[in-house]
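# Topology and contacts: notes
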Amino acid sequence: LLGLVVGIVLAAVRSSYDKNEEALKIKGGIGYYILKILNAVSKAYITVMRGVPVVVQLMIWYFVILVSAEDIPIAIVAFGLNSGAYVAEIFRGGIMSIDNGQFEAGRSLGFSYFQTMRYIVIPQTIKSTLPTLLNELIALFKETSIAGYVGIMDLTKGGDIIRGRTFSAYMPLFAVALIYLVIVMFLTFVVSKMERRLRKSER
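Presented here is a report on the structure given in the accompanying data block. Residue numbering note: each chain is counted from 1, following its sequence as written. Two thresholds apply to this predicted model, a pLDDT of at least 70 for residue-level local features and 80 or more for giving and counting side-chain atom pairs, whereas whole-chain, interface and lining totals are computed over all residues. Where side-chain values are given, they derive from all heavy atoms of the structure, hydrogens and water being excluded.

### Some details on the nonpolar core
The criterion, for reference: Nonpolar core, defined: a set of buried Ala, Val, Leu, Ile, Met, Phe, Trp, Tyr and Cys residues in which side-chain atoms within 4.5 Å join the residues together. Partly exposed residues are those whose accessible area sits between 20% and 50% of the maximum for their type, while under 20% is buried and over 50% is exposed, using a 1.4 Å probe and protein chains only. Secondary structure is summarised from DSSP: a helix means a run of H or I of at least four residues, a strand means a run of E of at least two, and numbering begins at the N terminus for each. When checking whether two residues touch, look at their non-hydrogen atoms; a contact exists if any pair is within 4.5 Å.
Within the largest apolar cluster, 20 residues are counted, with the highest numbers of intra-cluster contacts made by L58, F79 and I152. Put simply, the parts of the chain that give this core at least two residues each are α1 (2-27), α2 (30-51), α3 (54-65) and α4 (71-97). Excluding its chain neighbours within four sequence positions, the residues that come into contact with I152 are Y62, D71, I72, A75, A147 and K157.

See the structure below:
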């Protein structure tokens, strides 16, 4: 959820700049420079988050930034902010694929730019990017298996502790793999149901 919120905000900033850069440049004013700075910050954020391995980011959050915080909130922040960079690019691609006529129709109805994005563009973007978002969700879910690197008790860490106590790697590791597989299959099923409902609503 954190990654989704961060991703939507970053995607809105980047796509707004890409779509309106020429018009804002001609118009001038402080709005152009504010959006330009926000776009530069967003690009830098996405570059850093996608360029640094998530395990390194997790360690930085755990050992440097949030030293005295609880384990689970640290993991939520680390994985959420990392995922936000990927979600931002997914959403940006979806927003850029929406025809400009949709923007113009919203504005002609009296909507502001933000209302047009909220009521017209973003819902269509979510529908078109849903399968890609599912892949990101599954990838994020599987990435959480590295949380044990900083001592956070997760499914993989639990399986590893059982392996250390029983001296048997077969049962705990296959059990962990099976649990991950079942959860991923469930997520795939839920999103496929959502996709079918969205297709029905179109008709």
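### Overview of the pattern of salt bridges
So the rule is basically this: Think of a salt bridge as a Lys or Arg side-chain nitrogen and an Asp or Glu carboxyl oxygen that are within 4 Å of each other.
Tallied over the entire structure, the rule returns five salt bridges. Of the charged contacts, one joins R14 and E89 as a salt bridge, the two residues approaching to 3.0 Å between their closest N and O atoms. In this pair, R14 sits in helix α1 while E89 sits in helix α4, placing the two residues 75 residues apart along the sequence. The partner of R92 in a salt bridge is D18, and the shortest N-O contact between them spans 3.1 Å. Residue R92 is located in helix α4, and its partner D18 is located in helix α1; the two are separated by 74 residues in the primary sequence. One salt-bridge network, in which partners are shared between bridges, spans R14, D18, R50, E89 and R92.

### Digging into the packing of α3 against α4
Rule in force here: As a rule, the C-alpha atoms of each element are fitted with a line to give its axis, helices using only the stretch in contact, and angles between N-to-C directions run from 0 to 180 degrees. Just so you know how the angles are binned, under 35 degrees is roughly parallel, over 145 roughly antiparallel, 65 to 115 roughly perpendicular, and the rest oblique. By convention the crossing between two helices is left-handed if the near helix lies anticlockwise of the far one by an angle smaller than a right angle, and right-handed if it lies clockwise.
Two elements in contact, α3 and α4, have axes separated by 9 Å at closest approach and are oriented at 140 degrees. What the angle tells us is that α3 and α4 run oblique. Every pair of crossing elements has a handedness; the one defined by α3 and α4 is right-handed. Contact with α3, carried on its side by V54, Q57, L58, W61 and Y62, involves D71, I74, A75, V77, A78, F79, L81 and N82 of α4 and no other residues of that element.

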